[in-house]
Every structure is written in structure tokens, then in C-alpha cells.
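Geometric and topological summary
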Amino acid sequence: MSHDSSRRWQMLAIAAGIFYVLWLLSPVLMPFAFAGMMAYLGDPLADRLERLGMGRTLAVSIVFIVLVLVAVGALLLLIPLISGQVDNLVQNLPRYADWVHKTALPWVEAKLHLDAHAFDSSRLVAAIKEHIGSIGEVASTVLGQISRSSLGVVMWLTNLVLIPVVAFYLLRDWDRLVAWIDGILPRSIEPTIAHLAREADKVLGAFVRGQLLVMLALGIFYGAALSIAGLSVGPLIGMVAGLLSFVPYLGFIVGFGSALIAVLVQYGDWTHVLIVIGIFVVGQLLEGYVLVPRLVGEKIGLHPVAVIFAVLAGGYLFGFLGVLLALPAASVIMVLLRYLADRYRHSQLYTEEGPTDPVIADVEVTVETAHGRVATETVVTSASDDGARTPR
């Protein structure tokens, strides 16, 4: 094995080992991932304060205080709103159940030609009474699991406390950490890694900051528009649609479906249904032609199918942490794939011309017409068994 091949295999083994360790430690990486995101978002502002003459610790303290105040302010504004919307939803649940039982299910039965008793609630009650024993066993199992998961609740609260602490230290030592990583890289690949890191930083900066603004703008637009339309749970639906908008069409589908059901229950007329349809059409146009091009840009270049696959794959491999980091990771992977594609186009594998295929070849044929000779055309021919070439 040559020296270059041996070095490539060593690097591949190191990368595979790092990925395997991260996969094993994924259950405990959540606070560090959140803290890393906070540090990454706050580092540019801390660098600007440093350029104004502040020390790193003072600059980081100011940035950290600003981030904490923004988070606390958002919670103070959102918690009463969410609480009021949830109370409103709970109070309207009987109306939703009555609408489903008296309007939606009969319409489904009529359109699909189902048995009139297919959705009979009395059958459901009878089935529940028949299996009440097994339901009790399931309930006892669930309660036992909840009682055993108290340690999990403690760990969750511990992680919640760890996030700001880890974020502060990561933000304070961010530049030192980047310099340390740069220092331990093999010198043969350090220029390439530095170039890819700069490209990935541009993509991540465009995505993280831009996508957060897109989600915020869509949430405000949907919530305000649905409230103006008179929908009682409009702000709650708007917030959910905005939060889910990082996955293409998911926020639109969930928000539109929820708003349509809510407006049918609350008003039951076509006028408000058309208003809701108009709101979400305008929201999609606003997202596709104004918000995403201006705030996120075209630097990421992820196809919607690739985005959906990244979210599903991240959730399968790393759980909620994978869903959270799926799109930033996919953006970095796109940078790597573009680099590998450029390397491939400059490689001998792509540029070297091979020998002429003895079976299939291109021949130049001059075509004679009534108006004389015309431009030469290319005809693909194949060799027959006796060696003669016949046009295909």
C-alpha cells in the first residue's frame, strides 16, 4: 500500500471513529449541541465588541446577558399567550368533538358509502368496556414507567441548567477552540479543511440566522392574519406553523389543516374557509418569493426532498438532537459534496479519454439532397458479427 493510500485510510478510520463515538454519546449531547448553537450565534457579535477594544470576557458577558434577556423576554411574552390559547382550545374541545361526530363523520360515511354505524360511538364505548381490564393493565404499566422515569426528569432539568453554563464557556473560548482544532489537523490537509470550514461557515450563517428569521416572520404573519380573520386559536396555529416551517411544506400542511378544521367548527361557512385558504396562499408566496430569497438566500441549495430525508435520517440516527441538527449538518454535507464534485471534475478519472469502443463508434456521414450537400451528421453504428458496420 502506498503512503498516500495509507494516509487516506487512516483519516477515514479517524472520521469513522469520531462519528461512532458521537452516535454512542448522542443521549448526552443535547445540552452541548444547544450550547454550541448559542455560542456559534453569539461569536460574531463578541468579535465585533472585541474589535471595539473590549476584552474577550467582558464582550462575551455582554453578549451572554443579551441572549439571556432575549430568551427570558420571549418566554415572558409567549407563555401567557400559549397558556391562553391552550385554555381556549380545551374549552372548545367539546365543540370540535360535536362537529366531528355530527358533521365530519356523517359526511365521510356518505361520500365513501360506509356503514352508517361504522363510526358509532356506542360501539367504541362497548369495546372499551369489554377491554377495560387490559386498559387497566396498560395504565398501570404507564404509571410505573412514569414513576421510574423520575431520574429522566432530573436529568432533563440538569441539562436545562447546563446549557447556559456550557454556552458561556464555549463562547468565551470559541476562538481558542477553533485555533486548537486548526493546530491538530495534519498539515497536508489543513489548507483544504480551512477552505471548507470557511465555506461551511458562510452556509451555516445564512441558514441558521436566516431560517430563524423566516420562522419568526411566518409565525407572526399566520398568527396575526388568522386572528384578524376571527379564528379564536389563530395565534396558536400560527406559532406551530412558523416553528414547523423549517421542513418544506410541513408548517403549511399542519397549519392549513388545523386552521381549516378550526374555522369549519367555529363558523361553518365558505366565506371564512376562503379567507383561510387565501391567508396560507399568501404565506406560501411570501415565504417562497420574499423571505427565503432575502433572508436565507440560495447558498444552501438543498432540494426539498433532500431536506425531508435529512430530517428523517437525523431523527432516526440521533433522535430529537438529530432532527434539530439535521439541516445544518446537511448544509455542511452539501459543501463537502460540491468540493468532491469539483475534485472529481479535475481528476484523471474524469478528464482522461479512453480508447475507442470497438463495438459502438460515431462516424461522419455527408447527406446528399435535391438541393445539394448539407451539413455533416453523426450516425451511431454498431459492429455486426462479420465485422461490417451497420447504422443504428
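Everything below is about the structure printed above this text.
Residues numbered from 1 in each chain as written. Predicted model: local features only at pLDDT ≥ 70, side-chain atom pairs only at ≥ 80, totals over all residues. Heavy atoms only, no water.

Attention now moves to the overall build of the protein. Helices and strands together make up the secondary structure of the protein, namely 14 helices and five strands. Relative to its 392 residues, the protein shows a buried fraction of 24%. Taking as baseline every contact in the protein between residues at least 6 positions apart, the subset at least 24 positions apart corresponds to 61%. Total accessible area on the protein is roughly 26200 Å²; 70% of this is exposed by carbon and sulfur atoms. (Helix = DSSP H or I, 4+ residues; strand = E, 2+ residues; numbered from the N terminus. Buried < 20%, exposed > 50% of the residue type's maximum accessible area, 1.4 Å probe, protein only. Contact = heavy atoms within 4.5 Å. Areas by Shrake-Rupley, 256 points an atom, 1.4 Å probe, with all protein chains shown as cover.)

Bringing the pattern of salt bridges into the picture now. A full pass over the atoms with the stated rule returns eight salt bridges. Across the pair D43 and R56 runs a salt bridge whose closest N-O atoms are separated by 2.9 Å. Of this pair, D43 sits in helix α2 (residues 30-51) while R56 sits in helix α3 (residues 56-112), and the two are 13 residues apart along the sequence. The exposure classification of D43 matches that of R56, with both residues buried. (Salt bridge = Lys/Arg side-chain N within 4 Å of Asp/Glu carboxyl O.)

On to the packing of helix α8 (residues 190-228) against helix α9 (residues 234-243), then. Between α8 and α9, the least distance of the axes is 7 Å, while the angle of their chain directions is 155°. Taken together, the axis directions place α8 and α9 in an arrangement best described as roughly antiparallel. Here the hand of the crossing between α8 and α9 comes out right-handed. Here M215, L218, G219, Y222, G223, L226 and S227 of α8 come into contact with α9, specifically with G234, P235, I237, G238, M239, A241, G242 and L243. Partitioned by chemical class, the residues of the contact of α8 with α9 number nine nonpolar, six polar and no charged. (Axes fitted to C-alpha atoms, helices over the stretch in contact; angles between N-to-C directions. Parallel < 35°, antiparallel > 145°, perpendicular 65-115°, else oblique. Left-handed = near helix turned anticlockwise from the far one by under 90°. Nonpolar A, V, L, I, M, F, W, Y, C, P; charged D, E, K, R; others polar.)

Turning to the side chain of H272, a few remarks are in order. Tracing the chain through its elements places H272 in helix α11 (residues 270-296). Apart from the residues lying within four places of it in its own chain, the contact partners of H272 are A229, V263 and Y267.

Moving on, we get to the packing of α8 against helix α13 (residues 320-345). Interhelical geometry of α8 versus α13 gives an angle of 140° and a closest axis separation of 9 Å. One element, α8, and the other, α13, form an angle in the oblique class. Crossing hand, α8 versus α13: right-handed. Facing α8, whose interface residues are T192, L196, E199, A200, V203, L204 and F207, α13 presents L327, P328, S331, V332, V335, L336 and Y339. Grouping the constituent residues of the contact of α8 with α13 by class yields 11 nonpolar, two polar and one charged.

Let us look at the nonpolar core. Formed by 22 residues in total, the largest nonpolar core has its most connected members in L226, L231, I237, A259, I279 and F280. Among the secondary structure elements, those contributing two or more residues to this core are α3, α8, α9, α10 (250-266) and α11. Not counting residues up to four positions away in its chain, the partners in contact with F280 are Y222, L226, F252, G255, F256 and A259. Residues A35, L49, F168 and W174 belong to the second largest nonpolar core, which totals 15 residues. (Core = buried A, V, L, I, M, F, W, Y, C linked by side-chain atoms within 4.5 Å.)

A word on empty space enclosed by the protein. Applying the stated rule across the entire model yields one cavity of 30 Å³ or more. In this structure, the largest cavity encloses a volume near 50 Å³. Every residue lining the largest cavity is listed: L218, Y222, A241, S245, V247, P248, Y249, L250, G251, F252, Q284 and E287. Where the lining of the largest cavity is concerned, the elements lending two or more residues are α8, α10 and α11. Among the elements that line the lining of the largest cavity, the one with the most residues is α10, at three residues. The residue inventory of the lining of the largest cavity, partitioned by class, reads eight nonpolar, three polar and one charged. (1 Å grid on protein atoms, 1.4 Å probe; cavity = no way out; pocket = protein on both sides within 12 Å on 5 of 7 lines; lining within 4 Å. Points joined across faces, edges and corners; volume = space filled by probe spheres on them.)

So, on to a nonpolar patch on the surface. Among the surface-exposed residues, F19, Y20, V21, W23, L24, L25, V28, Y316 and L317 lie close enough to one another that they form a single nonpolar patch of about 940 Å² accessible area. Listing elements by their share of the nonpolar patch, those giving two or more residues are α1 (3-24) and α12 (304-318). The element that contributes the greatest number of residues to the nonpolar patch is α1, accounting for five residues. Secondary-structure assignment places L317 in helix α12. (Patch = residues over 30% accessible without salt bridge, like charges linked within 9 Å, V, L, I, M, F, W, Y side chains within 5 Å.)

We now examine α12. With 15 residues, α12 extends 21 Å from end C-alpha to end C-alpha; this agrees with the ideal 21 Å at 1.5 Å per step. Of the positions making up α12, those classed as buried are V307, A310, V311 and G314. For α12, the angular spread of the buried residues around the axis is 95°, confining them to a single face. Facing away from the buried side of α12 by more than 90 degrees, the exposed set consists of V305, F309, L312 and Y316. (Expected span 1.5 Å × (residues − 1). Arc of directions from axis to C-beta.)

This part is about the packing of aromatic side chains. Evaluated as defined, the whole model comprises nine aromatic pairs. Ring plane angle 5° and centroid distance 5.7 Å describe the contact between F252 and F256, whose orientation is recorded as stacked. With a gap of four residues between them, F252 and F256 both fall in helix α10, about one helical turn apart. In this structure F252 comes out as partly exposed when scored by relative accessible area, which is 26%. On the basis of relative accessible area, F256 is assigned to the partly exposed category, the value being 22%. (Phe/Tyr/Trp six-rings, centres within 6.5 Å; stacked < 30°, edge-to-face > 60°.)

Structurally, I308 is set in helix α12. Residues I308 and F246, 62 residues apart in the sequence, show an inter-C-alpha distance of 9.9 Å.

Looking at the secondary structure, you find A225 in helix α8. Take A225: its relative accessible area is 16%, and that puts it in the buried class. Taking the C-alpha atoms as reference, A225 lies 8.6 Å from G238; in sequence the two are 13 residues apart.

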